[in-house]
Amino acid sequence: MEKRQSKQWQMNYTKQQLIDALVHEWEYLCHDDPDPDDDTPEEYRLKMECYSMEDLLEETSTGEGYTLDEFMDNHG
């Protein structure tokens, strides 16, 4: 629980910024390894728009080894 609190206290990004970065990452991953069953970027964006901030943070797979700032630098 302590890790989540520290993530929330360090939040410098809006929900829209997180969604845009996650969609960017999705497009990058699908471009490198396409699968016909993958959501389109538009479908993925619609899914992400239904997520809470906590869920979006979880979706970034960030933590001690790969920070949210690094994720945003790469995809934001």
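This text goes with the structure placed above it.
Residues numbered from 1 in each chain as written. Predicted model: local features only at pLDDT ≥ 70, side-chain atom pairs only at ≥ 80, totals over all residues. Heavy atoms only, no water.

Once that is clear, we can look at the overall build of the chain. A tally of regular secondary structure across the chain gives 5 helices and 0 strands. Its helices and strands taken in sequence order, the chain reads α-α-α-α-α from the N to the C terminus. Residues counted as buried form 25% of the 76 residues belonging to the chain. Intrachain contacts of the chain at a sequence separation of at least 6 include 65% that bridge at least 24 residues. For the chain, the computed accessible surface area is about 5,600 Å², with 49% contributed by carbon and sulfur atoms. (Helix = DSSP H or I, 4+ residues; strand = E, 2+ residues; numbered from the N terminus. Buried < 20%, exposed > 50% of the residue type's maximum accessible area, 1.4 Å probe, protein only. Contact = heavy atoms within 4.5 Å. Areas by Shrake-Rupley, 256 points an atom, 1.4 Å probe, with all protein chains shown as cover.)

With that out of the way, let us pick up unusual backbone geometry. Non-glycine residue Ser 61 carries a positive phi angle of around 55°. The class for Ser 61 is exposed, based on a relative accessible area of 58%.

This part is about the side chain of Glu 25. Within the secondary structure, Glu 25 is located in helix H2 (residues 15-32). One buried charged residue, Glu 25, remains without a salt bridge, the closest side chain of opposite sign being Arg 45 at 12 Å. Apart from residues no more than four positions distant in its own chain, Glu 25 is found in contact with Phe 71 and His 75. (Lys, Arg positive; Asp, Glu negative; His and termini not counted. Salt bridge = Lys/Arg side-chain N within 4 Å of Asp/Glu carboxyl O.)

Before going further, it helps to examine the packing of H2 against helix H5 (residues 68-75). Two elements in contact, H2 and H5, have axes whose closest approach is 9 Å; the angle formed by their N-to-C orientations is 65°. As for the relative orientation of H2 and H5, their crossing is left-handed in sense. On H5, the residues touching Gln 17, Leu 18, Asp 20, Ala 21, Leu 22, His 24 and Glu 25 of H2 are Leu 68, Phe 71, Met 72, Asn 74 and His 75. A breakdown of the residues in the contact of H2 with H5 according to their chemical character gives 6 nonpolar, 4 polar and 2 charged. (Axes fitted to C-alpha atoms, helices over the stretch in contact; angles between N-to-C directions. Left-handed = near helix turned anticlockwise from the far one by under 90°. Nonpolar A, V, L, I, M, F, W, Y, C, P; charged D, E, K, R; others polar.)

Here the focus is H2. For H2, spanning 18 residues, the distance from its first C-alpha to its last is 26 Å, which sits close to the expected 26 Å at 1.5 Å a residue. Among the residues of H2, Leu 18, Ile 19, Ala 21, Leu 22, Val 23, Glu 25, Trp 26 and Cys 30 are the ones counted as buried. Residues of H2 that are buried make contact with helix H3 (41-49), helix H4 (53-59) and H5. (Expected span 1.5 Å × (residues − 1).)

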